[in-house]
Amino acid sequence: MKINEKIITKIEGEAKLKVYGEEIIDFVEIEFYNFRGIENYLVNRHYMDALVINPRVCGICGHSHLLATARAIEDAFNIKPSKKAQILREITTGLEIIQNHIKWFYITFMPEIIKDKSKMLKAISIASYASKIIALIAGQFPHNSYIIPGGVTCDLTNLEILKIEDMLKILKEQIIKEIIDESGYSKDLEIFFENVDKNIGKGINRFLVLGNNFYFKNNGELELVKEEKKNVFYDDKFFEVGPLSRNLENEVVKMIYKKYQDSVYSRVFARLYEMVLIIEYLLKIIKEIDICEENYIKHVPKNSKGVSVIEAPRGSLIHRIEIENEKIKKYDIIVPTQFNLSSYTKENPSPAQAALINERIENINIVFKCFDICSVCFTH
Amino acid sequence: MKEALMNTMRKRIEELRALPGVGEKSIKEVLEENGFTRRDFLKWSAALAMTLGLPASFAPVVAEAAEVSDRLPVVWLHLAECTGCSESLIRSDAPTIDDLIFNYINLQYHDTLMAAAGWQAEENYEEALKKFAGRFILCVEGGVPTKDGGEYLTIGAHAETGLEKLKRSADKAAAIIAVGTCSSFGGVQAAYPNPTGTVGISKVLNKPVINVPGCPPSAKNIVGTIVYYILFGALPAVDNFNRPKFAYGLRIHDLCERRGHFDAGEFVEQFGDTGAENGFCLYKVGCKGPYTFNNCSRERFNQHTSWPVQAGHGCIGCSEPDFWDAMAPYEEPLANHKFMSVNADAVADKVGLTLLTVAGVAIAAHAALSAIKNPKE
């Protein structure tokens, strides 16, 4: 059988695919071959240092890593931050998801078919508006450190909260006008799929949601997650994580899913439509902020273990920490890309492998990239 | 003096004007198409002149220089990093003249931002290197792993190591700019125990490298350095870590909005206390502003919106060499822990530690003294 090697670029790095088969893909192995070793740096440092180092795993979803780190430490010390702090965290991580999805669709995915730089510019301007709102709360984006175990460092006034609410409304208008509307119609998405079959890239049809931040509801237990080298199993099977998995409860997404199953189209649609759902959710919770609550609750460190799981832009993100004498003894990160892009056998393929098998070789880029792969996260 | 400077710039601009542009359209045309008036453009130029430390009367020349900037293409190379610096570049004023000029026209090759991918992308890169040899500005994002022949980072189908690709590209570049702390000093990859042997790019090149550190650096500093090169045909004045003085000439502490509280001995003792509510100085919860040279307190981030200290978290010192080791622990004052840190031995040979400690002791002494003297307590 003919074996091809293919390099996929523009996924914040590169991946190597070993493709078996000529016109139709018979089997595929996925390999990320760069290495940074972030977990090694953490050992023996003060536990608070993880808050500064971990966001540097990724420049696009670093804020989710920050939140996961803070929550893992909170779990270890048994701290519960105030509702106000939790809402502010939801707003900044929600906006991070929105800017990620915009950039992913217009900069990474769409140019596979449509090479139009004006669309890219439009996207960048909306995405940088979203990160401007994050900056109002967190100081800057990317790579801020305003989330700390026990709460947040910022102390917003009512005026600032009004301003943030106002900006969220403007952002929502822009998204609905320029990207995707509330009914789920997106001009750019339809243009993309004009000459692409909407049914390609069907995967394993098993969905997993582990985090329960935002409006998402988890459907799995953390104890059942197992990491073998870079492969991640749940209950000894592979599961797909990400926007399609966590939005299946929504009526509009469900309708698309019924029609196209877990195809490329459904995944891209869910990712775009999630922006509308998240911003509506943020506009709802910002009204519940009680400015008189504590920003931060003091904690006493002790020797302990903690774990956190959140829904990050690309799916469920898990952080585990072990603290001894205020120092990190062990740290472990499992990123969403590991769930989706594990590399295993033909009989038991990962979601991305299953989606690629039996597809035509010319569709390989589109099918692979529809998972919103982040190579820097994978090679952390 | 001023006139001599102006003449140098004009001469440089004339030289550049004689070269062909790299895009299909001129910068003027693109700006007009995207609805920017001449006035907007001049305002932007004036702001940039200020960033570069030039008098306001230089704004028209800066504008002229920006108009011919499409003669000098920019090639962007990714090494071991997180793409945060590219993120930083595209968050500059939206939808922005910087964006238009640098992403739309000049940027001949950028892994993440360009439209091409795969084989085509590699071809584009080689073509840009060949076509613009000796003329392009090479921006490098990310540190370069050197251990085991650099095999921890390979790029493209031929598995060329980052080290080889960097050396090859740098040979043909007119100017080399290290964007971010990783490419300047190694960054987080080079933190103890540095498993991949990552170093800043200047360590492996034998050409001058301008460092624009920060994690991530502000978009204004990146764009400012590029425009400086276009304006003068030379690299800007730098400090002893090769950082442009216009951006890294002062400490964060010097222009910090909370500086008054430092001088008055008013500190946040722990996050969430009354001091934090009143916006007091963050030194005692780990702010490294007094040891860090950068312009964050003046320029801020995300279109001048805010910066970490405004959001109540201290500066982590991200534009200093080896800050990952030298500035840790990040949430405590440097002077408290320096000699007890487990990694102190590991970093003792690294640059700046002694200097930092001396300054640290003086500043800590002030913090302690002013707390005693504070009449409120």
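Definitions and cut-offs
Residues numbered from 1 in each chain as written. Chains lettered and ligands numbered in written order. Predicted model: local features only at pLDDT ≥ 70, side-chain atom pairs only at ≥ 80, totals over all residues. Heavy atoms only, no water. Phe/Tyr/Trp six-rings, centres within 6.5 Å; stacked < 30°, edge-to-face > 60°. Buried < 20%, exposed > 50% of the residue type's maximum accessible area, 1.4 Å probe, protein only. Helix = DSSP H or I, 4+ residues; strand = E, 2+ residues; numbered from the N terminus. Lys NZ or Arg CZ within 6 Å of the ring centre and 35° of its normal. Salt bridge = Lys/Arg side-chain N within 4 Å of Asp/Glu carboxyl O. Pairing = 2+ DSSP bridges. pLDDT = per-residue confidence, 0-100. Contact = heavy atoms within 4.5 Å. Axes fitted to C-alpha atoms, helices over the stretch in contact; angles between N-to-C directions.

A. Expanded view of the packing of aromatic side chains. For the structure on display, the rule yields 31 aromatic pairs over all chains. Aromatic pair A:Phe105 and A:Tyr106: ring centres 5.1 Å apart, planes at 85°, arrangement edge-to-face. Assigned by exposure class, A:Phe105 and A:Tyr106 land together as buried. Taking 5.9 Å as the distance between ring centres and 65° as the angle between the ring planes, the aromatic pair formed by A:Tyr215 and A:Tyr281 counts as edge-to-face. Taken together, the positions of A:Tyr215 in the loop between α7 (187-192) and β6 (225-228) and A:Tyr281 in helix α10 (residues 264-285) put the pair 66 residues apart, joining distant regions of the chain. For A:Tyr281, a relative accessible area of 14% corresponds to the buried category. A connected cluster of aromatic rings, assembled from ring pairs, spans A:Trp104, A:Phe105, A:Tyr106, A:Phe109, A:Phe192, A:Phe193, A:Tyr260, A:Tyr265, A:Phe269 and A:Tyr273. Positioned over the ring face of A:Phe233 is A:Lys226, at 5.9 Å from the centre of the ring. Directly above the aromatic system of B:Tyr125 lies the positively charged group of B:Lys165, at a separation of 4.2 Å from the ring centroid.

B. How the structure looks around the pattern of salt bridges. All names here are of chain A. On inspection of all chains with the given rule, the structure shows 39 salt bridges over all chains. A salt bridge links lysine 122 to aspartate 188; the nearest nitrogen and oxygen atoms lie 3.0 Å apart. Note that lysine 122 is positioned in helix α5 (residues 117-138) and aspartate 188 in helix α7, a separation of 66 residues in sequence. One salt bridge connects aspartate 372 with arginine 314, and the closest N-O pair in it is separated by 3.3 Å. With aspartate 372 in the loop between α13 (364-369) and α14 (375-378) and arginine 314 in the loop between β8 (304-312) and β9 (315-324), this pair connects stretches of sequence that are 58 residues apart.

C. Spatial organisation of the pairing of strand β7 (residues 175-179) of chain B. Residues and elements named next belong to chain B. The element β7 is extensively covered by neighbouring structure, given that 5 of its 5 residues are classed as buried. Neither face of β7 is open: one carries Ala175, Ile177 and Val179, the other Ile176 and Ala178, and all of them are buried. Pairing of β7 with strand β9 (residues 209-212), which is carried by 4 bridges, proceeds in the parallel orientation. Bridge pairing links isoleucine 176 to valine 209 in β9.

D. Spatial organisation of the environment of B:Lys284. Position of B:Lys284 relative to the elements: it lies in the loop between α13 (274-277) and α14 (296-299). Counting along the chain gives 17 residues from B:Lys284 to B:Phe267, while the straight-line C-alpha distance between them is 6.7 Å.

E. The arrangement of the confidence of the model for chain B in detail. A residue-level look at chain B finds 80% of positions with pLDDT of 70 or above and a mean pLDDT of 80. Of the regions scoring below 50 in pLDDT, residues 339-355 of chain B engages in 16 contacts with residues more than four places distant in sequence or in other chains.

F. Seen up close, the sheet that holds β9(A). Residue and element names in this part refer to chain A. Spatial ordering of the open sheet is given by β8-β9-β10, a layout of 3 strands whose pairing is antiparallel. Pairing within the sheet leaves two strands with one partner each, and these edge strands are β8 and β10 (327-334). Each adjacent strand pair in this sheet contributes to an overall mean axis angle of 15°, direction not counted. In this structure, β8 lies alongside β9, joined through 9 bridges in antiparallel fashion. Each residue of the ladder has a partner; that of glycine 306, found in β9, is isoleucine 321. Relative to β8, helix α3 (residues 62-77) is tilted by about 145°, and along the sheet it contacts β8, β9 and β10.

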